[in-house]
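Observations on the model geometry
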Amino acid sequence: MGDFLGAVTAFPTVVFTFALGVVAVYWLLVLLGGAHFHGARGGHHGHGHGHGHGGGRHGHGGLQKVLGLGGVPITVAVSLVIAFAWFSALSGRVVAGSGHGGVLLPVALVGGWAGARVLAWPLRRLMPAPAPPPSRRDFVGLGCVIRTGRVGPDFGQAEVRAADGSSAVVQVRQSLDDAAGPGGVLRTGASALIYDYDDAGEYFWVMPAVPASG
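Residues numbered from 1 in each chain as written. Predicted model: local features only at pLDDT ≥ 70, side-chain atom pairs only at ≥ 80, totals over all residues. Heavy atoms only, no water.

1. Here we look at the sheet that holds strand S3 (residues 167-173)
- Sheet architecture is closed into a barrel: 5 strands sit in the order S1-S2-S3-S5-S4, paired in mixed fashion. Across this sheet, the average inter-strand angle for adjacent strands is 55 degrees, counted without regard to direction. (Pairing = 2+ DSSP bridges. Helix = DSSP H or I, 4+ residues; strand = E, 2+ residues; numbered from the N terminus. Axes fitted to C-alpha atoms, helices over the stretch in contact; angles between N-to-C directions.)

Below, the structure written as structure tokens:
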């Protein structure tokens, strides 16, 4: 037991022993609900004013792919590297003895990366597919409220509420045929239905919302 404690507290194993302790505490907090699980995939952000495209990208995502650790949460990847590096350092010290600490450190790091990369391959298959990035076409089929004095084929704005509860003010247009129909004029506060999106003009086509029956 004394030899084992001496090995895990000696250089370079002690470096990874401390890191492994931090990892263990983190995962314990995750299990107890006191910490958040950080994914490697970009999250699906809410629709902001003007409705931006796509979620934010994490800076570590590109590095993970270069190292062959992409597709798994960053916390999992780091935990695997530390665990395998600790085991590599401990094994190397037992085999090579105590006089090769300077060599064992880079060897342990390579061993940690190699072990994590091998294990990341089956783990990424178990990870749920990332949610598709938000698109302006997500608004098609939703109701909206007109926020300008008029809406025509060349002008108009409306406020629309996304499925996640956030709202955005978007550019809307109404065809002359829709405006000519009974009750077709859309003004401030009127309810409308978004039925199409124009990619070139970056605006939505709207029509008067059908009043709810009953």
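Once the structure has been displayed, the description carries forward.
2. Some details on the nonpolar core
- Counting residues in each nonpolar core, the largest one holds 16 residues, and the members touching the most others are Phe139, Cys144, Val170, Val172, Ile194, Phe204 and Val206.
- Counting only elements with at least two residues in this core, the list comes to strand S1 (143-146), strand S2 (157-161), S3, strand S4 (191-198) and strand S5 (203-208).
- Ala77, Leu80, Ala116 and Ala120 belong to the second-largest nonpolar core, a separate cluster that totals 7 residues. (Core = buried A, V, L, I, M, F, W, Y, C linked by side-chain atoms within 4.5 Å. Buried < 20%, exposed > 50% of the residue type's maximum accessible area, 1.4 Å probe, protein only.)

3. Here we look at the packing of aromatic side chains
- Taken as a whole and judged by the stated rule, the model has 4 aromatic pairs.
- With centroids separated by 5.2 Å and ring planes inclined at 75 degrees, the aromatic side chains of tyrosine 26 and tryptophan 27 adopt a geometry described as edge-to-face.
- Judged by relative accessible area, tyrosine 26 falls into the buried class, the value being 18%.
- Their ring planes at 50 degrees and their centres at 4.8 Å tell us that tyrosine 197 and phenylalanine 204 sit as a pair that is tilted.
- The structure contains a cluster of three or more aromatic residues connected by ring pairs, namely Phe139, Tyr197 and Phe204. (Phe/Tyr/Trp six-rings, centres within 6.5 Å; stacked < 30°, edge-to-face > 60°.)

4. Points about the pairing of S3
- Across 5 bridges, S2 lies against S3 in antiparallel orientation. By the bridge assignment for S3, alanine 158 is matched with valine 170.
- From the end of S2 to the start of S3, which pair antiparallel, there are 5 residues, and glycine 165 there has a positive phi angle of about 95 degrees.
- Sheet topology note: the S3/S5 ladder contains 2 bridges and is parallel. Bridge pairing in S5 links arginine 173 to tryptophan 205.

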